[in-house]
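Here's the letter readout for the chains.
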Amino acid sequence: MVKGTPVVTEMLVIPVAGRDSMLMTLSGAHAPFFTRNLVIIRDSAGHTGLGEIHGGDYTCQALKSCIPLVVGKPVGMYRSILDDIHKASARAPEDDGEGIQSLDISKLKFVVKAEWAIECALLDLLGQYLDLPVCQLLGQGKQRSRVETLGYLFYVSDKVKTDLPYLDESGSPDPWYRLRREEMLTPERIVEQACVLREKYGFRNFKLKGGVLDGAEEMEAVRALKKHFPQGRINIDPNGAWGLEEAVRLCRPMESVLTYIEDPCGPEAGYSSREIMAEFKNAVKLPVATNMIATDWRQFYHAAAMKSVDIVLADPHFWGFGGSVRMAQILNDWGLTWGSHSNNHFDITLTAFAHTAAAAPGNPTALDTHWIWQDGQNLLKDAPQIRDGYLEVPEGPGLGVTIDMEKVCQAHKLYRQLPYHDRDDAMAMQYLIPGWKFNSKKAALVR
Ligand SMILES: O=C([O-])C(=O)C[C@H](O)[C@@H](O)C(=O)[O-]
Ligand SMILES: [Mg+2]
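It should be emphasised that the depicted structure is a prediction, and the values quoted were computed from it without experimental measurement. (Residues numbered from 1 in each chain as written. Chains lettered and ligands numbered in written order. Predicted model: local features only at pLDDT ≥ 70, side-chain atom pairs only at ≥ 80, totals over all residues. Heavy atoms only, no water.)

Draft legend 1. Seen up close, the overall build of the chain. Assigned secondary structure in the chain consists of 15 helices and 15 strands. Computed over the C-alpha atoms, the radius of gyration of the chain is 21 Å, within 12% of the 22 Å expected from 2.2 N^0.38 for a compact globule of 447 residues. Counting only residues that meet the buried cut, the chain has 58% of its 447 residues in that class. For the chain, the share of sequence-separated contacts (at least 6 apart) that also reach a separation of at least 24 residues comes to 75%. Charge centroids of the chain, computed over 48 positive and 56 negative side chains, lie 2 Å from each other. (Helix = DSSP H or I, 4+ residues; strand = E, 2+ residues; numbered from the N terminus. Rg over C-alpha atoms; globule rule 2.2 N^0.38 Å. Buried < 20%, exposed > 50% of the residue type's maximum accessible area, 1.4 Å probe, protein only. Contact = heavy atoms within 4.5 Å. Lys, Arg positive; Asp, Glu negative; His and termini not counted. Charge placed at Lys NZ, Arg CZ, Asp CG, Glu CD.)

In structure tokens form, the structure reads like this:
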């Protein structure tokens, strides 16, 4: 009998690309393509483990440099494997440690930690060896079999104003697929977006991505949403675009409309965003969420000490899968709330979110996911479904899903055809406003 857990025999790093709409954020406009990096690890038991993380050459190289630290190691030693990777990975010289306090998208790659895709693939393998789903290996084990999820609403610009190859789905029989590629910039169109999403996925919670129009105009859309969905939990996230005084002015009248507010303000006048958000919380009676001011344990120490946030959106791609669930346990013990942030992703990340959220104790806030904008571009043969507003957690061992290598090859081919691999939201934006430049204090379309 062979002793110990199976041994890693191969680790592949495969960069892939997918299609996106012209989604608007404080950082500009999403380009027609987004990129991700996949990790596929095989072991001596013949199992395949999967991981997915943000795209770009920096993250791809970081993953490739980890291969010698992973291959040949027993799957059960995954914590030591990750520890070796942390100890070996030097901080990039251009990382100033500022994180994404101001949503400078070029800094996202330093907040994301490549090795969490490896953690995911190793957990997938360990789960298959133990015949247990990944959520049983995290924290206090499985807490739920489906995870409440929110409808992530975006303002969408008119792709026809560019000559970029955005997808057109006007011929699709699916009303959501048709709508998601169209221009949507008014409160009426945002409500229409929410209605079509509610019909397809059953969402009861909505989050509007702000930082695009003037704050007062965005609040009009929030009011319209609440009017249409009086029982709905509505949140807006301007990614810190508003000044403190402006955020208080905009949010005070919304105390009975918004369920919570996400990153209303950022650093200003020599004060860090953690200090400014603490002042905001003193002034406005709304729970405050963040994925910008507490993205690692050191930032969280200061955010918690200052009581700057109530809801930490601990994206496992920033915090690790074990780390995100550790955060969920701490928040639950302290009477605070866990949730997760997301960026554009494929269905491997969707599955990983499902397991992480399934292991979060207490009462997490509805999960963010960009998947609805990508739905249909599956890399799995059996992507988890969002039904009745809940993401279903696969029950099979490991992640409980099967990779479709043909689809992966197509997504890799698309990646190789791209002139760029890193996210650049200024590029498409410059078609709308010539010479447009990112400004962390100015909504994208206010120039
Ligand atoms: O909750 C958030 O802050 C995000 O989802 C930030 C991201 O940058 C999102 O807006 C995106 O990827 O466009
Ligand atoms: Mg956010």
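Next comes the rest of the account.
Draft legend 2. Seen up close, the coordination of the magnesium ion (ligand 2). Distances from the magnesium ion (ligand 2) to its protein donors, Asp237 (OD), Glu262 (OE) and Asn291 (OD1), fall at 1.9 to 2.1 Å. Spacing between the donor residues of the magnesium ion (ligand 2) along the chain follows D-x24-E-x28-N. Taken together, the positions of Asp237 in strand S9 (residues 233-237) and Glu262 in strand S10 (residues 260-262) put the pair 25 residues apart, joining distant regions of the chain. The two residues Asp237 and Glu262 agree in class, both being buried. (Donors = N, O, S within 2.8 Å, 3.2 Å for Na, K, Ca; no water.)

Draft legend 3. Focus on the packing of aromatic side chains. All chains considered together, the criterion is met by nine aromatic pairs. Every member of this aromatic cluster is reached through a ring pair, and the members are Tyr152, Phe154, Trp176 and Trp373. The side chain of Arg146 reaches across the aromatic face of Tyr390, ending 3.7 Å from its centre. (Phe/Tyr/Trp six-rings, centres within 6.5 Å; stacked < 30°, edge-to-face > 60°. Lys NZ or Arg CZ within 6 Å of the ring centre and 35° of its normal.)

Draft legend 4. Examining the site of ligand 1 more closely. In the region of ligand 1, 16 residues are neighbours, and His30, Tyr152, Lys207, Asp237 and Asn239 sit closest. In this structure, an oxygen atom belonging to ligand 1 sits 2.6 Å away from a side-chain N or O atom of Tyr152. One of the side-chain nitrogen or oxygen atoms of Asn343 is found 2.9 Å away from an oxygen atom of ligand 1. If ligand 1 stood free it would expose 330 Å²; the protein chains cover 99% of that surface. For the shell around ligand 1, the class distribution of residues is two nonpolar, eight polar and six charged. When we break the shell around ligand 1 down by domain, the ones giving at least three residues each are domain 1 (8-89 + 96-135 + 406-416) and domain 2 (140-399). (Near = heavy atom within 4 Å. Polar contact = N/O pair within 3.5 Å; in protein donor to acceptor, adjacent residues only side chain to side chain. Areas by Shrake-Rupley, 256 points an atom, 1.4 Å probe, with all protein chains shown as cover. Nonpolar A, V, L, I, M, F, W, Y, C, P; charged D, E, K, R; others polar. Domains from an automatic or database assignment.)

Draft legend 5. Representation of the packing of helix H6 (residues 187-201) against helix H7 (residues 215-228) within the structure. Their axes nearest at 9 Å, the elements H6 and H7 cross at an angle of 45°. Viewed along their axes, H6 and H7 adopt a mutual orientation that is oblique. In terms of crossing hand, the pair formed by H6 and H7 is right-handed. Along the contact surface, H6 presents Pro187, Ile190, Val191, Ala194 and Cys195, while H7 presents Glu220, Ala221, Ala224, Leu225 and His228. Classifying every residue of the contact of H6 with H7 gives eight nonpolar, one polar and one charged. (Axes fitted to C-alpha atoms, helices over the stretch in contact; angles between N-to-C directions. Parallel < 35°, antiparallel > 145°, perpendicular 65-115°, else oblique. Left-handed = near helix turned anticlockwise from the far one by under 90°.)

Draft legend 6. View of the pattern of salt bridges. All told, the structure shown has 22 salt bridges when counted by the stated rule. Across the pair Lys209 and Asp237 runs a salt bridge whose closest N-O atoms are separated by 2.8 Å. One end of the pair, Lys209, is in strand S8 (residues 205-209); the other, Asp237, is in strand S9, with 28 residues separating them in the sequence. For the residue pair Lys209 and Asp237, the accessibility class agrees, reading buried in each case. Within this structure, Lys207, Lys209, Asp237, Glu262 and Asp368 form a network of salt bridges that share partners. (Salt bridge = Lys/Arg side-chain N within 4 Å of Asp/Glu carboxyl O.)

Draft legend 7. Here's a closer look at the UniProt feature "domain: Mandelate racemase/muconate lactonizing enzyme C-terminal" (unreviewed entry) in the chain. Per the UniProt annotation, the sites labelled "domain: Mandelate racemase/muconate lactonizing enzyme C-terminal" (unreviewed entry) are residues 187-287. For residues 187-287, helix accounts for 48% and strand for 13%, while the C-alpha atoms at its two ends are 24 Å apart. (UniProt positions renumbered as here; feature names shortened; annotations may be inferred.)

Draft legend 8. View of the pairing of strand S5 (residues 48-54). For S5, the tally of buried residues reaches six of seven residues, placing the bulk of the element in the interior. The pairing of strand S4 (residues 33-43) with S5 spans seven bridges and is antiparallel. Within S5, the residue paired with Val39 across the bridge is Gly51. Between S4 and S5, which pair antiparallel one after the other, the connecting turn spans four residues, and Gly46 there sits at a positive phi close to 85°. (Pairing = 2+ DSSP bridges.)

Draft legend 9. Up close: the domain arrangement of the chain. Split by domain assignment, the chain resolves into domain 1 (8-89 + 96-135 + 406-416) and domain 2 (140-399). Measuring from the centre of the C-alpha atoms in domain 1 to the corresponding centre in domain 2 gives 22 Å. Counting residues at the interface gives 46 residues for domain 1, matched by 61 residues for domain 2. The interface formed by domain 1 and domain 2 contains zero salt bridges. At the boundary of domain 1 with domain 2, the tally comes to 27 residue pairs in polar contact (both at pLDDT 80 or more). For the side of domain 1 that touches domain 2, the elements supplying multiple residues, two or more each, are strand S1 (8-19), strand S2 (24-25), S4, S5, helix H3 (108-111), helix H4 (115-130) and helix H14 (405-417).

Draft legend 10. Just the sheet that holds S1, in detail. Spatially, the three strands line up as an open sheet ordered S1-S4-S5, and their pairing is antiparallel. Only two strands of the sheet have a single partner each, and these edge strands are S1 and S5. Adjacent strand axes in the sheet meet at a mean angle of 20°, parallel and antiparallel pairs treated alike. Each of S1, S4 and S5 touches helix H1 (residues 57-70); the most contacted strand, S1, lies at about 170° to it. Across the sheet, helix H13 (residues 347-358) lies against S4 and S5, angled at about 100° from S5, the strand it touches most.

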